[in-house]
Amino acid sequence: GRRSCSRPPPCHLASMADSLEALITPPSPRTQRCSHLTARCGSPWGLVLVVGALCTALLGSLALARGWPTSTARGRGHGGGEAPARVSDVSEDLMPDLGLSDMPGNMPHLDAHGYPLLEDVLPTNGTRLRWAIAGPGRIAHDFATALVAMGATVQGVAAGGLPHAVERARAFSMLYNIPRAYGSYAELAADPDVDVVYVATTNQLHYTAARIMLEGGKHVLLEKPATIGVAQFEHLARLSRERELLLVTNYWTRWFPAVKWAEAIVKSGMLGPVVHVSGDMAFQVMRAAPDRDRFLRADLGGGAVLDMGCYLVQFAAMFLEGNTSVGPSGYTSFEVKASGTVRSGVDVEAAFIMSNGRAGAAFGTSITRASDFALKVYCEHGVVEIKPPANCPSAASYIRYEDSAVGETPVPCCAQPLVSSYEFYRPLPVVPRGLPMERYPNGMGFVYVAAAVERCLYTPGCRELEEMDLDQQLSVVKLTADILNQLGVFTNKTGI
């Protein structure tokens with residue numbers, strides 16, 4: 001879930017004016033007649049769901065658009081229509097000129113409107129990978145909007161875990177002009193015209209839906225948390241390796257340019273080794289009808305840690321263990337201590353500390369209070385901050401202080417000389433006309449992880465993403481399970 005994202009204020013810094021100039025000019029749309037939606041409602045429920053979905057689209061986008069922007073490539077799965085325009089001009093480098101020789105080369109290449117570029121890896125015949133969505137809930141709407149906006153091919157949607165599944169899937173498909181709607185996950189998995197599936201079910205169905213897709217030969221982008229039980233993720237990882245399929249837990253945070261920038265600064269060593277990481281992510285859930293709120297239901301995998309706390313766990317894995325394979329030894333090197341408040345079988349408040357013997361982290365998460373959603377990485381000679389909301393940010397910064405160990409004079413308390421600082425800001429793409437607006441702030445950030453999945457699958461031999469390989473995904477599952485066990489929730493669970 002992305003419930004607690006709140007848009008940070010733009011940082012209009014003079015030093016960044018040139019790099020932002022190319023990003024503030026919107027594309028020029030070409031209007032055309034809108035094709036009529038033609039779908040039969042199989043039952044009165046279908047009629048209600050279709051009408052509700054159409055009303056959502058009308059309210060979200062203010063008015064139905066009359067067409068897509070000019071297309072540079074035709075995609076499959078959009079009802080024969082053209083994909084939105086993608087421009088080829090590349091924005092300026094995301095990294096400041098810091099005189100560093102050890103900067104990673106995996107920063108995303110974006111066009112002038114902020115969309116990741118894939119032209120260098122797309123097949124020469126212009127065909128695209130065919131996506132499908134399992135679980136058409138709130139977050140799936142944002143993901144579908146991002147896919148269509150970036151010109152991806154969306155082939156189908158399944159609502160197998162919901163009542164009136166076919167009607168729900170059909171209503172969702174009509175909003176995004178998706179040609180196929182399935183009444184079960186097995187039907188989707190059996191469709192030979194689908195290559196990769198985004199699993200967006202509620203937490204308790206993640207393992208089952210992902211397993212069905214992998215067994216059906218589909219690549220899987222699995223919404224976080226991957227699984228509650230460690231054994232379940234180990235099984236999924238084994239399936240993906242045996243069948244040479246891509247399995248990625250959707251910690252979309254990892255692919256945001258601001259997070260990649262912050263990670264590059266930390267790993268360059270310019271601020272010295274990491275000493276401490278701190279962060280807090282919390283929000284208030286609905287209280288009027290707790291029985292209908294998934295965050296408060298243990299049978300749906302609710303609670304603060306599985307919704308927001310796992311983001312903080314993956315930040316610890318990123319900055320305390322590095323961005324390479326962690327494996328069993330990396331996991332056992334962490335000491336974890338957690339405490340919190342449990343109500344009706346779910347954790348509503350949790351605090352936990354993590355240490356690997358060299359550096360530590362302190363985090364808080366809750367579904368009963370508000371939070372600034374900031375994250376800071378403290379190094380020996382400076383601080384990197386990922387600006388709120390840190391799980392889906394558009395900005396980050398660093399401050400670098402003089403190293404007193406090499407200074408000529410002692411540094412008195414609270415007077416460490418400032419050497420340099422930098423503010424990074426990269427706005428997200430805007431929602432194109434005619435598509436439902438974001439259910440969650442910064443929902444268009446899904447284009448980054450979706451593009452990374454496509455780039456990998458267009459690249460021969462790629463079956464893991466370097467930003468978060470299977471070993472590190474497993475490490476995050478193990479660490480999260482350790483925290484839950486100490487809190488006394490989902491104990492002795494192999495998965496639900």
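Residues numbered from 1 in each chain as written. Predicted model: local features only at pLDDT ≥ 70, side-chain atom pairs only at ≥ 80, totals over all residues. Heavy atoms only, no water.

Draft legend 1. Summary view of the packing of aromatic side chains. Taken as a whole and assessed by the stated rule, the structure comprises 15 aromatic pairs. Three or more aromatic residues link up through ring pairs in this structure, and these residues are Trp-131, Phe-143, Tyr-198, Trp-252, Phe-256, Phe-446 and Tyr-448. A cation over a ring is seen here: Arg-138 above Tyr-440, with NZ or CZ 4.7 Å from the ring centre. (Phe/Tyr/Trp six-rings, centres within 6.5 Å; stacked < 30°, edge-to-face > 60°. Lys NZ or Arg CZ within 6 Å of the ring centre and 35° of its normal.)

Draft legend 2. Region of interest: the state of the cysteines. Summed over all chains, the structure comprises 1 disulfide. Residue Cys-456 pairs covalently with Cys-462 via a disulfide, S to S 2.0 Å. On the sign convention where negative means left-handed, the S-S torsion of about -110° between Cys-456 and Cys-462 marks this disulfide as left-handed. A relative accessible area of 17% means that Cys-462 is categorised as buried. (Disulfide = S-S within 2.5 Å. Buried < 20%, exposed > 50% of the residue type's maximum accessible area, 1.4 Å probe, protein only.)

Draft legend 3. View of the sheet that holds strand S10 (residues 360–366). Pairing is mixed in the open sheet, where 8 strands are placed in the order S8-S9-S10-S7-S11-S12-S13-S14. On the outer flanks of this sheet lie strand S8 (335–343) and strand S14 (418–425), each paired with one strand and no other. For this sheet, the mean angle separating the axes of adjacent strands, direction not counted, is 10°. Where strand S9 (residues 346–355) lies against S10, 7 bridges are found, and the strand directions are antiparallel. Bridge pairing in S10 places Ser-355 opposite Gly-360. (Pairing = 2+ DSSP bridges. Helix = DSSP H or I, 4+ residues; strand = E, 2+ residues; numbered from the N terminus. Axes fitted to C-alpha atoms, helices over the stretch in contact; angles between N-to-C directions.)

Draft legend 4. Up close: helix H8 (residues 257–268). With 12 residues, H8 extends 16 Å from end C-alpha to end C-alpha; this agrees with the ideal 16 Å at 1.5 Å per step. Among the 12 residues in H8, 11 count as buried, and that is most of the element. Among all positions of H8, only Pro-257, Ala-258, Val-259, Lys-260, Trp-261, Ala-262, Glu-263, Ala-264, Ile-265, Val-266 and Ser-268 are buried. Downstream of H8 by a residue or two, Gly-269 has a phi angle that is positive, lying close to 85°. (Expected span 1.5 Å × (residues − 1).)

Draft legend 5. Spatial organisation of the sheet that holds strand S6 (residues 247–250). The 6 strands are arranged S3-S2-S1-S4-S5-S6 in an open sheet whose pairing can be described as parallel. On the outer flanks of this sheet lie strand S3 (180–182) and S6, each paired with one strand and no other. Each strand axis lies, on average, 20° off the axis of its neighbour in the sheet, ignoring direction. Across 4 bridges, the pairing between strand S5 (residues 219–223) and S6 is parallel. Across the sheet, Val-220 pairs through a bridge with Leu-247, a residue of S6.

Draft legend 6. Just empty space enclosed by the protein, in detail. A complete count under the given rule lists 2 cavities of 30 Å³ or more for this structure. Of the volumes computed, that of the largest cavity is approximately 70 Å³. Taken together, 14 residues line the largest cavity, and the ones lying closest to its centre are Pro-225, Ala-226, Thr-227, Val-477 and Thr-480. Elements with a contribution of two residues or more to the lining of the largest cavity: helix H9 (304–320) and helix H12 (470–487). Among the elements that take part in the lining of the largest cavity, H12 stands out by supplying 6 residues, more than any other. Grouping the amino acids of the lining of the largest cavity by side-chain chemistry returns 10 nonpolar, 4 polar and no charged. (1 Å grid on protein atoms, 1.4 Å probe; cavity = no way out; pocket = protein on both sides within 12 Å on 5 of 7 lines; lining within 4 Å. Points joined across faces, edges and corners; volume = space filled by probe spheres on them. Nonpolar A, V, L, I, M, F, W, Y, C, P; charged D, E, K, R; others polar.)

That is the geometry; function is a separate question.
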